[in-house]
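Remarks on the overall topology
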2 protein chains.
Amino acid sequence: MVTRRFDPERRDRIIDAALDVIAAQGVAGASHRRIAEHAGVPLGSMTYHFAGMDELLTEAFRRFGDSIADRFDEQLAGAADIDGARRAVVDLIHLDLLDSQRDLVLTHELYTLAARKPAFRQITRDWMARSRRALGLHFDPGTCRMLDALIEGLFIHAALDTEPHDRSITVEAVARITTPLNHSEHATLEVATT
Amino acid sequence: MVTRRFDPERRDRIIDAALDVIAAQGVAGASHRRIAEHAGVPLGSMTYHFAGMDELLTEAFRRFGDSIADRFDEQLAGAADIDGARRAVVDLIHLDLLDSQRDLVLTHELYTLAARKPAFRQITRDWMARSRRALGLHFDPGTCRMLDALIEGLFIHAALDTEPHDRSITVEAVARITTPLNHSEHATLEVATT
DNA sequence: CGGTCATGCGTACGATCGTACACATCCTTG
DNA sequence: CAAGGATGTGTACGATCGTACGCATGACCG
């Protein structure tokens, strides 16, 4: 039997507080006590509303992933053609994502968690699937995977770079990765590695 | 005054043990006690050889970053031309990196640490600088940044994907990102976002 | 009105942590 | 050989952690 849960408004507050604490202190620093204090609820509420830390982390990161994916969907659904989609991608990276250190940190925390504990990989998988579905409105499946990886890399590096982010690099990179090569260019690469 | 340090062989053992423990349990689970036990040294040695956890983490991750960058240098220095360089990049991703869950996990741990604590960013910056220098033997600076980000993204996603990794996607992505666009393709993208 | 049970919380327990510091051991020097 | 500094370790302290669990509270029903 699972622990009963009520007062969903309080549950929500706890989840939001958990994300705040994780963003500020990391998963490692996200203790029941700190989250409870930040949410303004007693410590006992933690174990009452959530069976354990893992359940709370799962719900928190799922909420976070959804919020990012929502922005993805929103931006890309509004693009009229493939160039619009390219611009939408660049904007996603530069307007929504890079400017928010909070999102960057939370993303890293989630990825680290997922890399170590397979139980959390479903969250990242669902998130990536949503991203690719959104990209799939405008690009072929292979391009989606490449573009998705590129976005990830640009995003990740942005968290670690100290210099201001260079938009023109992003524009060029998105353009290249979404532009299929013609045959003559391809030929030089088909040689297998020994 | 800084704590004195001797017996560098023991120091080395501790650093290696730290990386093992971090790979297995994460930075959060890397306690002095666990590392000491894994290294076969007494707990007191920890504070004797390292001023604190941060110093140990710094040295450990620096060693890790160097080992990865060494592989980068090695592979890319051996490439004769630009196509060889492209193949070297693909090989780096598929042979050296993706196959090692340990490296993936350690990379995530380092990035998460660096994203939160600026003191650790020097490590990632130096590492990225070395990567880009190695890439710079064959590609122009802008391409280096794009390619570096792409490699990062492919690498990151590899840690989270459950399906086996598709080499042909990597080949195609590397080819695209390293192939400058011609002028007519460019024109469609120069329109600024409103 | 009184009983009962769902709902929610305060507190205390055992485990683990980083670190300080007194102490042991050994090596050099006189 | 004696002395004393250099090198290294065992242990104990205070803080923090997750979680279990007994108790408070109030709504609902007979």
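Procedures and definitions
- Residues numbered from 1 in each chain as written.
- Chains lettered and ligands numbered in written order.
- Predicted model: local features only at pLDDT ≥ 70, side-chain atom pairs only at ≥ 80, totals over all residues.
- Heavy atoms only, no water.
- Helix = DSSP H or I, 4+ residues; strand = E, 2+ residues; numbered from the N terminus.
- Buried < 20%, exposed > 50% of the residue type's maximum accessible area, 1.4 Å probe, protein only.
- Contact = heavy atoms within 4.5 Å.
- Areas by Shrake-Rupley, 256 points an atom, 1.4 Å probe, with all protein chains shown as cover.
- Least-squares fit on C-alpha atoms with pLDDT ≥ 70 in both.
- Buried area = accessible area lost by both parts, 1.4 Å probe.
- Salt bridge = Lys/Arg side-chain N within 4 Å of Asp/Glu carboxyl O.
- Phe/Tyr/Trp six-rings, centres within 6.5 Å; stacked < 30°, edge-to-face > 60°.
- UniProt positions renumbered as here; feature names shortened; annotations may be inferred.
- Expected span 1.5 Å × (residues − 1).
- Axes fitted to C-alpha atoms, helices over the stretch in contact; angles between N-to-C directions.
- Parallel < 35°, antiparallel > 145°, perpendicular 65-115°, else oblique.
- Left-handed = near helix turned anticlockwise from the far one by under 90°.

Under an unreviewed UniProt entry, the name given to chain A is TetR family transcriptional regulator, and the source organism is Arthrobacter cavernae.

Some thoughts on the overall build of chain A
Counting its regular elements, chain A contains ten helices and zero strands. Counting helices and strands in the order they occur from the N terminus, chain A gives α-α-α-α-α-α-α-α-α-α. Counting across all 194 residues of chain A, residues that qualify as buried make up 53%. Across chain A, contacts joining residues at least 24 apart in sequence account for 68% of those joining residues at least 6 apart. Counting only carbon and sulfur atoms, one obtains 53% of the accessible surface of chain A, whose full area is about 8700 Å².

Quick look at the relation of the copies chain B and chain A
Relating the two copies of this chain is a rotation about some axis coupled with a shift parallel to it. The two copies are related by a screw operation: chain B maps onto chain A through 180° of rotation and 0.0 Å of translation along the axis, at an RMSD of 0.0 Å. Look at the turn and shift together and you get a two-fold axis relating the two. Minimal C-alpha separation from the rotation axis in chain B is found for Gly153(B), amounting to 1.9 Å.

So, the interface of chain B and chain A
How big an interface is tends to be reported as the loss of accessible area on association of its parts. The interface of chain B with chain A comprises 58 residues on the first partner and 59 residues on the second. Carbon and sulfur atoms supply 59% of the area buried between chain B and chain A, which totals about 5300 Å² over both sides. It is Arg116(B), Leu160(B) and Arg176(B) in chain B that bury the most area against chain A; as a group they hold 15% of the surface buried on that side. Here chain B is connected to chain A by four salt bridges.

As for the packing of aromatic side chains
All names here are of chain A. Evaluated as defined, the whole model comprises four aromatic pairs over all chains. Note on Phe64 and Trp127: the rings are 5.8 Å apart at their centroids and 80° apart in plane angle, and the pair reads as edge-to-face. Separated by 63 residues along the polypeptide, Phe64 in helix α4 (residues 53–77) and Trp127 in helix α7 (residues 121–135) bring together distant segments of the chain. Here Phe64 falls in the buried class, since its relative accessible area comes to 3%. Residue classification places Trp127 among the buried positions, given a relative accessible area of 9%. Members of the aromatic cluster, joined through ring pairs, are Phe64, Tyr111 and Trp127.

Quick notes on the UniProt feature "DNA-binding region" (unreviewed entry) in chain A
The residues that UniProt annotates with the feature "DNA-binding region" (unreviewed entry) are residues 31–50 of chain A. Helix makes up 75% of residues 31–50 of chain A and strand 0%, and the two end C-alpha atoms of the span are 13 Å apart.

Focus on helix α9 (residues 167–177) of chain B
Burial within α9(B) is extensive, with eight of its eleven residues counted as buried. Where α9(B) is concerned, the buried positions are Ile169(B), Thr170(B), Glu172(B), Ala173(B), Val174(B), Ala175(B), Arg176(B) and Ile177(B).

Quick notes on the environment of Thr124(A)
By the secondary structure assignment, Thr124(A) is in helix α7. Along the chain, Thr124(A) and Tyr111(A) lie 13 residues apart, while their C-alpha atoms are 7.5 Å from each other. With near-sequence residues (within four places) excluded, Thr124(A) lies in contact with Leu110(A), Tyr111(A), Ala114(A) and Leu160(B).

A look at helix α6 (residues 101–116) of chain B
With 16 residues, α6(B) extends 23 Å from end C-alpha to end C-alpha; this agrees with the ideal 22 Å at 1.5 Å per step. Of all 16 residues making up α6(B), 13 are buried, and the element is well covered by its neighbours.

Some details on the side chain of Thr170(B)
Relative to the helices and strands, Thr170(B) is located in helix α9. Filtering out sequence-adjacent residues up to four positions away, Thr170(B) remains in contact with Val90(B), Ile93(B), His94(B) and Leu154(B).

Focus on the pattern of salt bridges
Across all of its chains, the model carries 34 salt bridges over all chains by this definition. For Asp103(A), the salt bridge is made with Arg71(A), and the minimal N-O distance between the two is 3.0 Å. Of this pair, Asp103(A) sits in helix α6 (residues 101–116) while Arg71(A) is found in helix α4, placing the two residues 32 residues apart along the sequence. When its relative accessible area of 8% is taken as the criterion, Asp103(A) is described as buried. Two residues, Arg86(B) and Asp83(B), come together in a salt bridge whose shortest N-O distance is 3.1 Å.

A short note on the environment of His138(A)
Residue and element names in this part refer to chain A. Structurally, His138 is set in the loop between α7 and α8 (141–160). Taking the C-alpha atoms as reference points, His138 and Asp83, 55 residues apart in sequence, are found 9.2 Å from one another. Look past the residues within four positions of His138 in its chain and what remains in contact with it is Leu76, Ala79, Asp81, Ile82 and Ala85.

Examining the packing of helix α4 (residues 53–77) of chain B against α6(B)
Residue and element names in this part refer to chain B. Their axes nearest at 11 Å, the elements α4 and α6 cross at an angle of 125°. Overall, the two elements α4 and α6 adopt an arrangement that is oblique. For the pair α4 and α6, the crossing hand works out as left-handed. Within the contact between the two elements, α4 uses Leu57, Phe61, Phe64, Ile68 and Arg71 and α6 uses Asp103, Leu106, Thr107, Glu109, Leu110 and Leu113.

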